[in-house]
Amino acid sequence: MPAYGFFVEFEARPGKEDDVAQFLIDAKALVDAEPGTLAWFAFRLGPTSFRIFDAFETEEDRETHLQGKVREQIEARGEELFSTPPVITPVNLLATKLPG
């Protein structure tokens, strides 16, 4: 059962909303290459508000993801895409349901 996760909050720069949506869609390929990422969801809450939620079995897997390719892309394109730095909040999961 996954015990660890992240909740990540993004606000798009004006005019960059579609670019942020595509950035998150493209990021899935990077996450697919991470065996320790058990679940990963990117979603839109409103016109400029986007979020990611992901889940991991171990703290080590969560830390590996935090330092991984998606983070590199966020840092590389952050000023271009986001009006404020993303807020990354580690969470401890209490209950989960995943396929399998």
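Just above sits the structure.
None of these values were measured; they are calculated from a predicted model.

Rules behind the numbers
Residues numbered from 1 in each chain as written. Predicted model: local features only at pLDDT ≥ 70, side-chain atom pairs only at ≥ 80, totals over all residues. Heavy atoms only, no water. Buried < 20%, exposed > 50% of the residue type's maximum accessible area, 1.4 Å probe, protein only. Helix = DSSP H or I, 4+ residues; strand = E, 2+ residues; numbered from the N terminus. Pairing = 2+ DSSP bridges. Axes fitted to C-alpha atoms, helices over the stretch in contact; angles between N-to-C directions. Contact = heavy atoms within 4.5 Å. Salt bridge = Lys/Arg side-chain N within 4 Å of Asp/Glu carboxyl O.

## As for the pairing of strand β3 (residues 49–56)
- Summarising burial for β3: seven of the eight residues are buried, a large majority.
- The pairing of strand β1 (residues 4–11) with β3 spans eight bridges and is classified as antiparallel. The partner of Tyr4 across the bridge, within β3, is Phe56.
- Hairpin connection from strand β2 (residues 37–44) to β3: four residues lie between these consecutive antiparallel strands.

## A short note on the pairing of β1
- Judged from the six bridges that link them, β1 and strand β4 (residues 87–92) form a sheet pairing that is antiparallel. Residue pairing across strands places Glu9 opposite Val87, the latter belonging to β4.

## Description of the sheet that holds β1
- Read across the open sheet, the four strands follow the order β2-β3-β1-β4; overall the sheet is antiparallel. The sheet terminates laterally at β2 and β4, the two strands that pair on one side only. The sheet shows a mean angle of 15° between the axes of neighbouring strands, direction not considered.
- Helix α1 (residues 17–32) rests against β1, β2 and β3 of the sheet, and its axis sits at about 170° to β2.

## Describing the pattern of salt bridges
- Taken as a whole and assessed by the stated rule, the structure comprises nine salt bridges.
- In this structure, Arg62 engages Glu59 in a salt bridge whose closest nitrogen and oxygen atoms are separated by 2.6 Å. Here Arg62 and its partner Glu59 are both found in helix α2 (residues 59–66), three residues apart, which amounts to about one turn of the helix.
- With its nearest N and O atoms 3.0 Å apart, the salt bridge here joins Arg71 to Glu75.

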